[in-house]
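Close look at the chain arrangement
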Amino acid sequence: MRIGILTGGGDCPGLNAVIRAVVRKGEGQYGHEVIGFLHGWRGVMENESIPLTIAGTRGILARGGTVLLSSRTNPFKTYGGEASLRKTLDEMSIDALIAIGGEDTLGVAARLADAGIRVVGVPKTIDNDLSATDVTFGFDTAVQTATEAIDRLRTTAESHDRVMVVEVMGRHAGWIALHSGMAGGADVILIPERPFDIDEVVAYLTSRHSAGRRASVIVVAEGATALEGTLETITGETDDFGHARLGGIGNRLTEEIERRTGWETRATILGHVIRGGTPTANDRLLATRFGLAAIDAVQAGEFGSMVALRGTQIVRVPLAEAVATLKTVPEERYAEAEVFFG
Ligand code: F6P
């Protein structure tokens with residue numbers, strides 16, 4: 001078989017480990033040819049690809065980013081949808097596709113599967129917000145990097161009696177903020193699932209201050225919002241999938257805390273720092289297992305499926321189920337973090 005593979009959406013540590021595993025097992029054990037489409041769905045629509053071989057994918061396991069490049073192209077919006085895609089697949093004699101992506105890339109894959117295209121999905125996103133899998137690779141690396149940053153910010157906050165606001169990615173789900181905040185001992189964590197009350201945030205800081213703790217660290221997810229009508233925030237332009245470009249809440253909170261308390265407050269926007277760089281051992285392992293499982297799914301003819309982690313097992317789930325709902329932080333998980341606020 002000739003199998004196409006692509007990486008779409010925001011990049012994520014571990015993508016290269018998936019590619020390497022697909023090629024290693026696809027070529028080495030099944031005798032398939034693997035073709036890499038460049039820049040996600042755009043490469044399929046514009047027929048831009050490179051051959052992938054075992055020899056050519058050596059040494060990429062620990063490399064961040066994606067050797068196949070990525071984009072947020074929505075083939076149903078920017079191009080003629082399924083028809084142009086079929087044209088490339090026919091021209092290239094591609095028998096099956098492996099799409100590695102998050103909700104948007106896999107949403108496209110699910111629509112294509114419905115239209116009869118032979119596609120298998122692999123879940124990736126640092127946000128960990130895909131509901132059909134217990135974890136997505138890239139999340140562990142993002143949490144580790146954010147936690148290291150929080151540890152560093154804590155010591156400088158303490159030297160200067162400052163409040164540090166640390167903004168991390170997560171537009172609809174606060175998993176990164178929750179996990180890195182808990183691991184880094186944050187004094188307040190703000191997530192999109194729970195609109196915050198600025199009075200309550202200031203009250204937490206004030207109670208710490210009264211108890212003699214003059215430095216505080218607040219971890220905020222980029223998608224966190226204040227309770228309606230309590231704090232004005234800014235939203236940016238939207239991408240091909242209609243998502244607003246975020247990244248303003250950390251600065252807005254910083255201004256407001258300083259204005260209300262008079263304490264020196266600084267913002268650090270970790271942004272893409274937590275999405276780049278070498279994957280952790282856990283992410284390399286999960287990504288490798290996903291890659292092996294994806295090529296097995298192709299071999300078994302299980303199209304329209306996505307590989308997923310359930311407990312310690314890698315399983316196959318329907319793509320449609322995988323993109324149906326986002327996995328957000330449940331109340332009880334936030335309650336665990338709240339014990340440590342203030
Ligand atoms: O891929 C998910 C993500 O990292 C989100 O957490 C974040 O909101 C978004 O990507 C940023 O996208 P971009 O790199 O296109 O600005």
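The structure contained in this document is the topic of the report that follows. Residue numbers here run from 1 along each chain, matching the order of that chain's written sequence. For a predicted model such as this one, the threshold for reporting local features is a pLDDT of at least 70, and the threshold for listing and counting side-chain atom pairs is 80 or more; totals across whole chains, interfaces and linings nevertheless cover every residue. Note: side-chain values were computed over all heavy atoms of the structure, leaving out hydrogens and water.

**Side note on the overall build of the protein**
The helix and strand tally for the protein stands at twelve helices and eleven strands. The globule rule is 2.2 Å times the number of residues to the power 0.38, and the radius of gyration it is compared with is taken over C-alpha atoms. Against the compact-globule benchmark of 20 Å for 342 residues, the protein has a radius of gyration of 21 Å, which places it among compact chains. Each principal axis of the C-alpha distribution contributes one length, and for the protein these read about 70 × 35 × 30 Å. The buried label goes to any residue with under 20% of its type's maximum accessible area, the exposed label to any with over 50%, and the partly exposed label to all in between, with areas taken from a 1.4 Å probe on protein chains only. Every one of the 342 residues in the protein was classed for burial, and the buried ones make up 53%. Per element, the accessible surface of the protein, about 13,900 Å² overall, is 48% carbon and sulfur. Distance from the positive charge centre (34 side chains) to the negative charge centre (44 side chains) of the protein: 5 Å. Numbering of helices and strands runs from the N terminus; a helix is a DSSP stretch of H or I covering at least four residues, while a strand is a stretch of E covering at least two. Only the protein chains shown count as cover for residues, with accessible areas throughout obtained via the Shrake-Rupley method and a probe of 1.4 Å. Counted charges follow a simple rule, with Lys and Arg positive, Asp and Glu negative, and His plus the chain ends left uncounted. Charge positions are represented by NZ for Lys, CZ for Arg, CG for Asp and CD for Glu.

**A look at the site of the ligand**
For each residue, the test is whether any non-hydrogen atom lies within 4 Å of the molecule or strand; if one does, the residue is near. The immediate surroundings of the ligand are formed by Gly 10, Arg 72, Ile 126, Asp 127, Met 169, Gly 170, Arg 171, Glu 222, His 272 and Arg 275. N or O atoms closer than or at 3.5 Å make up a polar contact, with two conditions inside protein: a donor-capable atom paired with an acceptor-capable one, and, for residues adjacent in sequence, both atoms drawn from side chains. With respect to the ligand, the side chain of Asp 127 contributes an N or O atom lying 2.7 Å from an oxygen atom. Contact distances for the ligand include 2.8 Å between an oxygen atom and a side-chain N or O atom of His 272. In isolation the ligand has 400 Å² of accessible area, and contact with the protein removes 82% of it. Of the residues belonging to the shell around the ligand, the class tally is two nonpolar, three polar and five charged. Gly falls in the polar group here, along with every residue not listed as nonpolar (Ala, Val, Leu, Ile, Met, Phe, Trp, Tyr, Cys, Pro) or charged (Asp, Glu, Lys, Arg).

**Looking at the sheet that holds strand β9 (residues 265–269)**
At least two DSSP bridges between two strands are required for those strands to pair. Spatially, four strands are ordered β7-β8-β6-β9 in an open sheet, and the strand pairing comes out parallel. Strands at the two margins of the open sheet, each flanked by one partner only, are β7 (188–190) and β9. Sheet twist, expressed as the average angle between the axes of neighbouring strands with direction ignored, equals 15°. As judged from the five bridges shared by strand β6 (residues 163–168) and β9, these two strands associate in the parallel manner. When the bridges of β9 are listed, Met 164 appears paired with Arg 266. Relative to the sheet, helix α6 (residues 139–160) contacts β6, β8 (216–221) and β9, its axis offset from that of β6 by approximately 165°. Between N-to-C directions, angles span 0 to 180 degrees; the directions come from axes that are lines fitted to C-alpha atoms, helices contributing only their stretch in contact. Between two residues, a contact is recorded if the distance between any of their heavy atoms is within 4.5 Å.

**Considering the layout of surface pockets**
Definitions used for this entry: grid spacing 1 Å over protein atoms alone; cavity, a set of points where a 1.4 Å probe fits but cannot get out; pocket, an open set with protein on both sides within 12 Å along at least 5 of 7 lines; lining residue, one with an atom within 4 Å of a point. Grid points are joined across faces, edges and corners, and a volume is the space filled by probe spheres set on the points. Taken as a whole, the second largest pocket encloses approximately 180 Å³ of empty space. Contributing to the lining of the second largest pocket are Val 135, Thr 136, Asp 140, Asn 282, Asp 283, Leu 285, Leu 286, Arg 289, Leu 309, Gly 311 and Thr 312. Here the element with the most residues in the lining of the second largest pocket is helix α10 (residues 281–299); it accounts for five residues. Of the residues that constitute the lining of the second largest pocket, the class distribution is four nonpolar, four polar and three charged.

**Some details on the packing of α6 against helix α7 (residues 175–183)**
Interaxial distance between α6 and α7 falls to 8 Å at its minimum, and their mutual angle equals 45°. Here α7 runs oblique to α6, going by the angle between their axes. The way α6 lies across α7 gives a crossing that is right-handed. For the pair α6 and α7, the contacting residues are Phe 139, Ala 142, Val 143, Ala 146, Thr 147 and Ile 150 in the first and Trp 175, Ile 176, His 179, Ser 180, Gly 181 and Ala 183 in the second. Working rule for angles: under 35 degrees goes down as roughly parallel, over 145 as roughly antiparallel, 65 to 115 as roughly perpendicular, anything else as oblique. Definitions for this section: a left-handed crossing has its near helix turned counterclockwise from the far helix by less than a right angle. A right-handed crossing has that turn clockwise.

**Some details on the pattern of salt bridges**
Whenever a carboxyl oxygen of Asp or Glu lies within 4 Å of a side-chain nitrogen of Lys or Arg, that contact is scored as a salt bridge. Per the stated rule, a full pass over the model turns up 18 salt bridges. Here Arg 259 makes a salt bridge to Glu 256, at a shortest N to O gap of 2.8 Å. A residue pair is termed a helical-turn pair when its members lie 3 or 4 positions apart in one helix, as Arg 259 and Glu 256 do in helix α9 (residues 249–261) at three residues. With its nearest N and O atoms 3.1 Å apart, the salt bridge here joins Glu 336 to Arg 333. With Glu 336 and Arg 333 both in helix α12 (residues 331–338) and three residues apart, the pair spans about one turn of that helix. Through salt bridges with shared partners, one network takes in Asp 199, Arg 252, Glu 255, Glu 256, Arg 259 and Arg 260.

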